[in-house]
Amino acid sequence: MWFKIGDMAVYPTQGVGIIEDIESREFSGHKQNFYVLRIVDSDMRIMVPTGNVSNVGMRRLIDQKHITNVFDTLAEPNDSGKIASWSRRQREYNDKLKTGDLLEVAEVLRELYQISSEKELSYGEKKVLEQARKLLVTEVALAEGEKEDKVVKRLEKIFH
């Protein structure tokens, strides 16, 4: 998968970024090309070897036709969060977030919202919920060309 300067790309767990540059660097006598990705939310810069894009899960923004699937996933009832201990669920959630797949992020968000409707979330659960929510809202808003607060309202309609 090739990106050009100015393209938007999703970097798992960090969110949407813009390809600011493509640089060549030499390490131990080997020349390698890197995408320089600036994350929209944090202004963090990440250098990703161009040959390592699929290994790290970097991908293009979700396309319009798949956004409906994300909101369908959010609306599906699910009770898997009631079974496992928090540490086991947290490991599972983090694994899902690391995939960079927005459907997996939606599953984490749905589960944590459902748990929060039954009990107060722990600090760790709140942090994962906020991370998943931010990843999903930012990407959907950018993919649709909408403001984030409009996406947040759609989320709140589902969960409240």
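Our subject is the structure listed above.
Predicted model, so just to flag it, every value in this text is computed and none were measured.

(A) Summary view of the packing of aromatic side chains. Evaluated as defined, the whole model comprises three aromatic pairs. For the ring pair phenylalanine 3 and tyrosine 35, a centre distance of 5.5 Å and an interplane angle of 90 degrees mean the geometry is edge-to-face. Of the two residues, phenylalanine 3 sits in the segment before strand 1 (8-11) while tyrosine 35 sits in strand 3 (residues 30-39), which places them 32 residues apart along the sequence. Taken individually, phenylalanine 3 and tyrosine 35 each receive the classification buried, so the pair is uniform in this respect. With 6.0 Å between their ring centres and 75 degrees between their planes, phenylalanine 27 and phenylalanine 34 make a pair best called edge-to-face. Exposure remark for phenylalanine 27: the relative accessible area of 43% places this residue in the partly exposed category. What makes phenylalanine 34 buried here is its relative accessible area of 8%. Here the guanidinium or amino end of arginine 154 rests over the ring plane of phenylalanine 71, the centre of that ring lying 4.0 Å away.

Rules and cut-offs
- Residues numbered from 1 in each chain as written.
- Predicted model: local features only at pLDDT ≥ 70, side-chain atom pairs only at ≥ 80, totals over all residues.
- Heavy atoms only, no water.
- Phe/Tyr/Trp six-rings, centres within 6.5 Å; stacked < 30°, edge-to-face > 60°.
- Helix = DSSP H or I, 4+ residues; strand = E, 2+ residues; numbered from the N terminus.
- Buried < 20%, exposed > 50% of the residue type's maximum accessible area, 1.4 Å probe, protein only.
- Lys NZ or Arg CZ within 6 Å of the ring centre and 35° of its normal.

Treat this as a map of the structure, not an account of what it does.
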